[in-house]
Amino acid sequence: MATKLISTEGIGFRAFGFPVTINWFHFLLPALWLSGIDFANLRPDVSAGGIVAAYVGAVVVGVLGHELGHAFAARSIGAEAKIDLIVFGGLTTWSTGKPITAPQRLRVSLAGPIVGILLGAVSWLVAQSIPEFRIEFLVFLDLLTQVALVWGIFNLVPFPGFDGGHSLDAALEIFAPSRAARLGAIFKGAAAVLGVAAVWFYFGIFSALILLFFVFRGGMSPLQEYRRSFDKEHEIAINEAVQLARTGRLEEALGRLDAASGAPRSRDLQRNTDSLRTTLLFWIGRWDELAGMPEELVDEKTRGIALLRTGQLARAEVVFRSAPPGGVRDALLAEALVRQRVDVSGDSEIDPASSDSMVERARQLAADEPEVAAALARAAIDSPALTAANRVVALIIAGRVDDARVVAQDVGADAVWFVETIKAAKEGRDLEQMLSVASSAELCGSAQILLHQLGEYAAAMTVGRRALDAGGDLSVIGFNLACSAVRAGDTDTGLSFIETLVADGIDVTRIVSDDDLASLRGTDAFASALGDPAR
């Protein structure tokens, strides 16, 4: 992405491939230095403009050199880095998109001060070797030496938010992992109090306020860090549970979450823990536990689905009726009624505009519970709000394939092909003739999805391969092929598609959470296909 040179944020450019933004407020720092200069007596033969340029350039180069040290170190561990020169300093943000070890964080944290100190030393040596050079350049070198050395050394002090604080955290995690968070908070808190007091005593309250800005710019005080340190076990448990879940090991993830002793002190951490536990229970299908969780932890739709799955139909109906009407809620309410053998069409709380959502729910149930799916489809068919395409699908799910063909003729040739292909697959006929006249990958993909939802997995794979050969989207067609293959018992083919999808960058959360792939969860082969190096 191109970097805009001038914007409301500041000046943007690239340095050694790193995006750099110099915020307009960054120039407050040289402005403060310049405010104390007596231009008339500094050197009679030097212009004020030259001195201003020297001061501004020294501050920008000094801080930028420091941040480039961080950026290059981040690049060395495979991270993308971005540099922002902000008020009174700089900030390098970086991420690898994967877990970062403590030694790697230590390397990146120390790289900035080390490069800054080296830059200051080089600047001083150059200044000593050209004593008769123009005063503007000598002023530049002198101030660059000060900025680079002071900025580098000062950043090594273990203040919160400083490189020294980050380095201390990483070092403690290496040498004292069980006490790292608590010790780090104590050391950084003491350093912050003593540092602010010393700066106030020697340089005044304004300088002390600037230091306080740096201490708190990370958004957390040492006291907050200390309090959070008691929840470190829970933070680690959440992170490990997320990593386990991303490799399909959902039971292990839930076990790791529950292994943390006691309850977190932090409300935010407790919310994160509850949210992750609810998600894992849903993915695993432990409906009894999910239905029994406190009401404030589970939304109405999730609770209603759990009650449906456990056969508590009357309770599920009550929950759905208390939820906001429309769309998915109406479809789930209709399902609760259908399972109780209640006529859905007579329920005034179900909006006719929700008929498309009812068909979508019918599609989800068609393979495993065809009678419930057919009842939902029949309830939606006569709705004037139902789209023509979904009316065709609803008629097919309801078993009225001939009626679906009649409706399809009014929609167009593609709709007729769609119905004839589904009919041929359900009758076990060869699909090659139908596929030879398919008009597009999108049309084949649509047929593939419905065939899979109807439980015609072999036919879905045949049509899906044709869609993929015609240029269909791998993330959609390939994923559906994986699901059909696993449902059909061809796990090797399913795993092969999953490996391809992961290599192509698909979100593994989508793979892990899909019910069609539930039989693979927890297996070494599944974890390996998802890219878990530990399995």
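Higher on the page you've got the structure.
Residues numbered from 1 in each chain as written. Predicted model: local features only at pLDDT ≥ 70, side-chain atom pairs only at ≥ 80, totals over all residues. Heavy atoms only, no water.

Asker: Explain the nonpolar core here, please?
Answerer: Within soluble globular proteins, side chains that are nonpolar tend to cluster in buried spots. Counting residues in each nonpolar core, the largest one holds 101 residues, and the members touching the most others are L280, I396, W417, F418 and I498. At 8 residues, helix α21 (residues 413-426) tops the list of elements feeding residues into this core. Residues A15, A74, V196 and V199 belong to the second largest nonpolar core, which totals 42 residues. (Core = buried A, V, L, I, M, F, W, Y, C linked by side-chain atoms within 4.5 Å. Buried < 20%, exposed > 50% of the residue type's maximum accessible area, 1.4 Å probe, protein only. Helix = DSSP H or I, 4+ residues; strand = E, 2+ residues; numbered from the N terminus.)

Asker: Mind showing me how you'd approach helix α25 (residues 474-487) here?
Answerer: Every α-helix carries 3.6 residues per turn, so stepping three or four residues along brings you back to the same face. With 14 residues, α25 ought to run about 20 Å at 1.5 Å a step, and its terminal C-alpha atoms sit 19 Å apart, in line with that. Burial analysis of α25 places 10 of its 14 residues in the buried class, which makes it a mostly covered element. When α25 is considered as a whole, its buried residues turn out to be I477, G478, F479, N480, L481, A482, C483, S484, A485 and V486. Taken together, the buried residues of α25 touch α23 (441-453), α24 (457-469), α26 (491-503) and α27 (508-513). Phi for G489, located one or two positions after α25, is positive at around 90°. (Expected span 1.5 Å × (residues − 1). Contact = heavy atoms within 4.5 Å.)

Asker: Help me understand the sheet that holds strand β1 (residues 10-15), please; the structure alone is not making it clear to me.
Answerer: Two modes of strand pairing occur in sheets, parallel and antiparallel, and in both the strands are linked by backbone hydrogen bonds. Reading across from one edge, β1-β2-β3-β4 is the order of the 4 strands in this open sheet, with mixed pairing throughout. With one partner strand each, in any of the chains shown, β1 and β4 (89-95) form the two edges of the open sheet. Here the average twist between neighbouring strands, direction ignored, is 20°. Alignment of β1 against strand β2 (residues 18-23), held across 6 bridges, turns out to be antiparallel. Within the sheet, the bridge partner assigned to G12 lies in β2 and is T21. (Pairing = 2+ DSSP bridges. Axes fitted to C-alpha atoms, helices over the stretch in contact; angles between N-to-C directions.)

Asker: Hey, could you run me through the layout of surface pockets in this one?
Answerer: Leftover empty space is mapped by rolling, across the atoms, a probe with the size of a water molecule. In this structure, the largest pocket occupies an estimated 1,700 Å³ of space. Contributing to the lining of the largest pocket are 45 residues, with R105, H166, D169, E173 and K232 lying nearest its centre. Sorting the residues of the lining of the largest pocket by element identifies α3 (48-76), β4, α4 (102-129), α6 (163-175), α7 (180-203), α8 (205-216), α9 (222-229) and α10 (232-246) as the ones contributing at least two each. When residues of the lining of the largest pocket are assigned to their parent elements, the largest contribution, 6 residues, is made by α10. Class assignment of the residues belonging to the lining of the largest pocket gives a composition of 16 nonpolar, 17 polar and 12 charged. Taken as a whole, the second largest pocket spans an internal volume of roughly 1,000 Å³. (1 Å grid on protein atoms, 1.4 Å probe; cavity = no way out; pocket = protein on both sides within 12 Å on 5 of 7 lines; lining within 4 Å. Points joined across faces, edges and corners; volume = space filled by probe spheres on them. Nonpolar A, V, L, I, M, F, W, Y, C, P; charged D, E, K, R; others polar.)

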